[in-house]
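# Report on the structure
So you can see what is in the structure, the chains are spelled out below.
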Amino acid sequence: MRVIGIDPGLRNMGWGIVDVFGSKTRHIANGTCHSSNKETLAMRLMSLHRQLSDVLAIHQPDTSAVEHTFVNKDGAGSLKLGQARAICLLAPAQYGLDVAEYAPNQVKKVVVGVGHAEKQQVDHMVRMQLGAVEIHSADAADALAIALCHAHHAQFAGRLDAAIAKAGAA
């Protein structure tokens, strides 16, 4: 199963892709989609959509996951981040992918073991789980963590479905 994790951002949108084979996880690629604050909001969103669509076309993931964003005191900033997040949901859906959503604390709990981990801890654990990988940016590290979180949940769901099917057959 190939998983893309996406970390929403209007200026920097991180993405990370892993392949999952049973209990083994392998890094495929990671990067950051950028937009310039010198452009209009519509042009920035279009640019992010185009860049993310290119990543999806090149790497052809089987499923996707996006991190929930938190609301901060800056209402206008939160609204713009929400619009960038919509691109993160839209692009994979256009490619026919399921889009899972995870809270930041949920991602940290799976990857680090504690829900209130610092960014450096997340980055460190992503590197530990994926080996000697060059990570493009902090946003890409977050996206890889989101992909790892989704892979973990998908594996658990698969084992649960198999156990239920086995119990039903008995």
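Residues numbered from 1 in each chain as written. Predicted model: local features only at pLDDT ≥ 70, side-chain atom pairs only at ≥ 80, totals over all residues. Heavy atoms only, no water.

As a reminder of what qualifies: UniProt positions are given in the numbering used here, feature names are shortened, and annotations may be inferred rather than shown by experiment.
If you look the protein up in an unreviewed UniProt entry, it shows as Crossover junction endodeoxyribonuclease RuvC from Paramylibacter ulvae. In its Catalytic activity (unreviewed entry) section, UniProt records this for the protein: "Endonucleolytic cleavage at a junction such as a reciprocal single-stranded crossover between two homologous DNA duplexes (Holliday junction)." Comment text from UniProt for the protein, heading Subunit (unreviewed entry), reads "Homodimer which binds Holliday junction (HJ) DNA. The HJ becomes 2-fold symmetrical on binding to RuvC with unstacked arms; it has a different conformation from HJ DNA in complex with RuvA. In the full resolvosome a probable DNA-RuvA(4)-RuvB(12)-RuvC(2) complex forms which resolves the HJ."

### Quick look at the UniProt feature "binding site: Mg(2+) 2" (unreviewed entry) in the protein
We count it as follows: In DSSP terms, a helix is any run of H or I states spanning at least four residues, a strand is any run of E spanning at least two, and both are numbered starting from the N terminus. We call two residues in contact when some of their heavy atoms are within 4.5 Å.
Mapped onto this structure's residue numbering, the UniProt feature "binding site: Mg(2+) 2" (unreviewed entry) falls at Glu67. Looking at the secondary structure, you find glutamate 67 in strand 4 (residues 63-67). With sequence-adjacent residues up to four places away left out, glutamate 67 is seen in contact with Ile6, Asp7, Pro8, Arg85, Tyr102, Pro104, Val107 and Ile146.

### Here we look at the packing of helix 1 (residues 41-59) against helix 2 (residues 75-94)
The line we're drawing: Think of each axis as a best-fit line through the C-alpha atoms, taken over the contacting stretch in the case of a helix, with angles from 0 to 180 degrees between the N-to-C directions. For a crossing to be left-handed, the near helix must be turned anticlockwise from the far one by less than a right angle; the clockwise case is right-handed. Under the grouping applied here, Gly and all other residues not named as nonpolar or charged are polar, the nonpolar ones being Ala, Val, Leu, Ile, Met, Phe, Trp, Tyr, Cys and Pro and the charged ones Asp, Glu, Lys and Arg.
Running from N to C, helix 1 and helix 2 cross one another at 35°; their axes reach a closest spacing of 9 Å. Relative to helix 2, the crossing made by helix 1 is right-handed. Of the residues in helix 2, those in contact with Leu41, Leu45, Leu48, His49, Leu52, Ser53 and Leu56 of helix 1 are Gln83, Ala84, Ile87, Cys88, Leu90, Ala91, Pro92 and Gln94. Across the contact of helix 1 with helix 2, the residue classes tally to 11 nonpolar, 4 polar and no charged.

### Quick word on the pairing of strand 3 (residues 24-34)
Heads up, the condition is: When DSSP finds at least two bridges between two strands, those strands are taken to pair.
Note: strand 2 (residues 12-21) against strand 3, 10 bridges, orientation antiparallel. Opposite aspartate 19, over in strand 3, you have arginine 26 as the bridge partner. What sits between the antiparallel neighbours strand 2 and strand 3 is a turn of 2 residues, in which glycine 22 has the positive phi angle 60°.

### Looking at the nonpolar core
One broad rule of soluble globular proteins: the nonpolar side chains tend to lie buried together. Basically, it comes down to this: Here, nonpolar core means buried Ala, Val, Leu, Ile, Met, Phe, Trp, Tyr and Cys residues that are tied together by side-chain atoms lying within 4.5 Å of each other. Between buried and exposed lies partly exposed: a residue is buried under 20% and exposed over 50% of the maximum accessible area for its type, with that area taken using a 1.4 Å probe on protein chains only.
Judged by nonpolar contacts, the single largest core of 23 residues is most densely connected at Val18, Val107, Val126 and Leu130. Take this core: its biggest share by element is 9 residues, from helix 5 (residues 138-169). Apart from residues lying up to four places away in sequence, valine 18 is in contact with Met1, Arg2, Val3, Thr25, Arg26, His27, Ile28, Leu130, Leu144, Ala147 and Leu148.

### Some words on the sheet that holds strand 2
Read across the sheet, 5 strands follow the order 3-2-1-4-5 without closing on themselves; strand pairing throughout is mixed. The open sheet is flanked by strand 3 and strand 5 (99-102), the only strands paired with a single partner. When the angles between neighbouring strand axes are averaged without regard to direction, this sheet yields 20°.

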